[in-house]
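# Coordinate inspection notes
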Amino acid sequence: MAYEILMPAEMSEADRLTIAAGPGDGYTLMLRAGEGIASHLLAHHGDAPAFHVLCGPGNNGGDGYVIARALNDSGASAFVWSDGAPKAGTDAARALADCPLRPRSIEGFAPQPGSVVVDALFGAGLDRPVTGKAAEAIERANQEPVRRIAVDVPSGLDGATGLPLGTVFQADSTITFFRKKPAHLLYPGRALCGDLIVHNIGIRDEVLAAISSRCFENAPGLWRDQLPSPDVDTHKYRRGHVAVFSGGATSTGAARLSAMAAARSGAGAVTVLSPGEALAANAAHLTSIMLSRCDHGQDLADFIEARQPTAFVIGPGFGIGEKTRALALELLDKAPGHFVFDADTITSFKDKPDMLFAATRRLPEVRLVLTPHEGEFKRLFPDLDAEAMPSKLEWARAAAARANAIIIYKGADTVIAAPDGRAVINSNGTPLLATAGSGDVLAGLNAGLMAQGMAPFAAACAAVHIHGAAAHALGFGLIAEDLPRAAGRVLAALMETAEESK
């Protein structure tokens, strides 16, 4: 599997480097792209009564002319609809000249039911809304009972952000080249792309070293070899000790979900730090998870000195306010190991985010993971201007740099970002996780992996993927209590695969 995700500008650089290395030129790449798509269309939609290829004036349109020519040469019924002639001397102009089909004005485009419409109007680098006759043609295609295939990205979709730029072609399938772009994975772009196919047009993987992409699709191949594996002579505390802070007597369940997830991740010891008022409630539900009273700072200091936990979770069901904020800052200032700040802890800093960021910047290394959903993200980073930076990917990167922390920006297209600019877009999310307590489980998984020595960024990526895989394995009707055990099974399978590959 190829993990790199390329921004539109990086894809253009990959094309340039490939052309410079030779043999072949830009037109060679265009021929490979267009002829490859035509072969796919004939293989999967060869019984269509007609193919309608919408061509723009740029290289995306050039791909379209090659597609139309290849379809025509195969004997298929193909029509070309043009939204402006290519600039003279370009590869697209050469493709038009080599196409035997006479382009028709796009304003006359009217596909018959059952036909295939190929969108080759505008590529991933589009930076302005689609308007005029092209927009009208897209709207007609979207309304008719046809099969819609997009070249590179659906026209009208920003390839870097996944956000619509006005009217967008609603593809049933999208065929892109070499590597995926952010728009293929970020919503709403992911939904507008339909099924995604990555076509090899002869660009060598070696060009990636020169591009130095910092964005990847989340998959086990990125982090599986970093999963913690216990030594034969280990003991429970050497396998990591996670401490999870519990809320009051009526708010204990969230902490227990986190604690159980941490245990299922392989942590050798997990302790719920409970206020006295909640000890009975927690004790009634805990067996393998340890329990320790923690009412004030001295209790915490004594626990840390005696047990030396290697990771902490604070936030699930803990409560919002000054108490939470003070405890979080004390942990950052004095406690060892790594931290996951979730839910209530994030919201507790909504009016004083700089207090949190000042504390994290004092850390000698990245030791904190923040796990906001959209609402919590906006509370902690309210000044990230949506218009100046209209991308979930870039929001997460900017937030990670500011907070000196790993950011898990949760959602259907969860983005994990590190302060150094690395970012991962998760692609195995599911609406099944939209259930109370699932985020608490994610926090525990993350802490458990870090407690065992996994680096924070890798642990965050692994936790998000495992969380999604567990939900898929459980299926409809899952509740958060089901997730820790299922996550443990997913992790066991991943570790077995990792061992086999050594």
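As a starting point, this report considers the structure included with it. (Residues numbered from 1 in each chain as written. Predicted model: local features only at pLDDT ≥ 70, side-chain atom pairs only at ≥ 80, totals over all residues. Heavy atoms only, no water.)

Here the focus is the environment of Phe245. Structurally, Phe245 can be placed in strand β9 (residues 241–245). Between the alpha carbons of Phe245 and Val369 there is a distance of 16 Å; along the sequence they are 124 residues apart. (Helix = DSSP H or I, 4+ residues; strand = E, 2+ residues; numbered from the N terminus.)

Turning our attention to the pattern of salt bridges. Two side chains carrying opposite charge are able to pair once their charged atoms lie near each other. The full count for this structure, using the stated rule, is 20 salt bridges. With a closest N to O distance of 3.7 Å, Glu35 and Arg69 form a salt bridge. With a gap of 34 residues between them, Glu35 in helix α2 (residues 26–45) and Arg69 in helix α3 (residues 59–73) connect regions that are remote in the sequence. Glu35 gets classed as partly exposed once you look at its relative accessible area, which sits at 36%. Residue Asp295 is joined to Arg293 by a salt bridge in which the shortest nitrogen-to-oxygen separation is 2.5 Å. Using a relative accessible area of 36% as the deciding quantity, one classes Asp295 as partly exposed. Each member of the salt-bridge network shares a partner with another, and the members are Glu4, Arg179 and Asp205. (Salt bridge = Lys/Arg side-chain N within 4 Å of Asp/Glu carboxyl O. Buried < 20%, exposed > 50% of the residue type's maximum accessible area, 1.4 Å probe, protein only.)

Moving on to the state of the cysteines. Taken as a whole and judged by the stated rule, the model has zero disulfides. Cysteine Cys215 shares no disulfide, and the gap to the nearest cysteine sulfur, in Cys461, comes to 10 Å. (Disulfide = S-S within 2.5 Å.)

The next thing to look at is the packing of aromatic side chains. Each aromatic ring pair is characterised by the separation of its centres together with the angle its planes make. Following the criterion strictly, the structure yields eight aromatic pairs and no others. When the centroid spacing of 5.8 Å and the interplanar angle of 70 degrees are considered together, the rings of Trp81 and Phe109 count as edge-to-face. Of this pair, Trp81 sits in strand β2 (residues 78–82) while Phe109 is found in the loop between β3 (104–105) and β4 (116–120), placing the two residues 28 residues apart along the sequence. Geometrically, the ring pair formed by Phe245 and Phe318 is edge-to-face, given 6.1 Å between the ring centres and 75 degrees between the ring planes. (Phe/Tyr/Trp six-rings, centres within 6.5 Å; stacked < 30°, edge-to-face > 60°.)

Quick look at the environment of His40 now. Mapped onto the elements of the fold, His40 is located in helix α2. Classification of His40 by relative accessible area gives buried; the value is 18%. Distance from His40 to Gly421, taken between C-alpha atoms, is 36 Å for residues 381 residues apart in sequence. Other than its neighbours up to four places away in sequence, His40 contacts His45, Ile175 and Ile197. (Contact = heavy atoms within 4.5 Å.)

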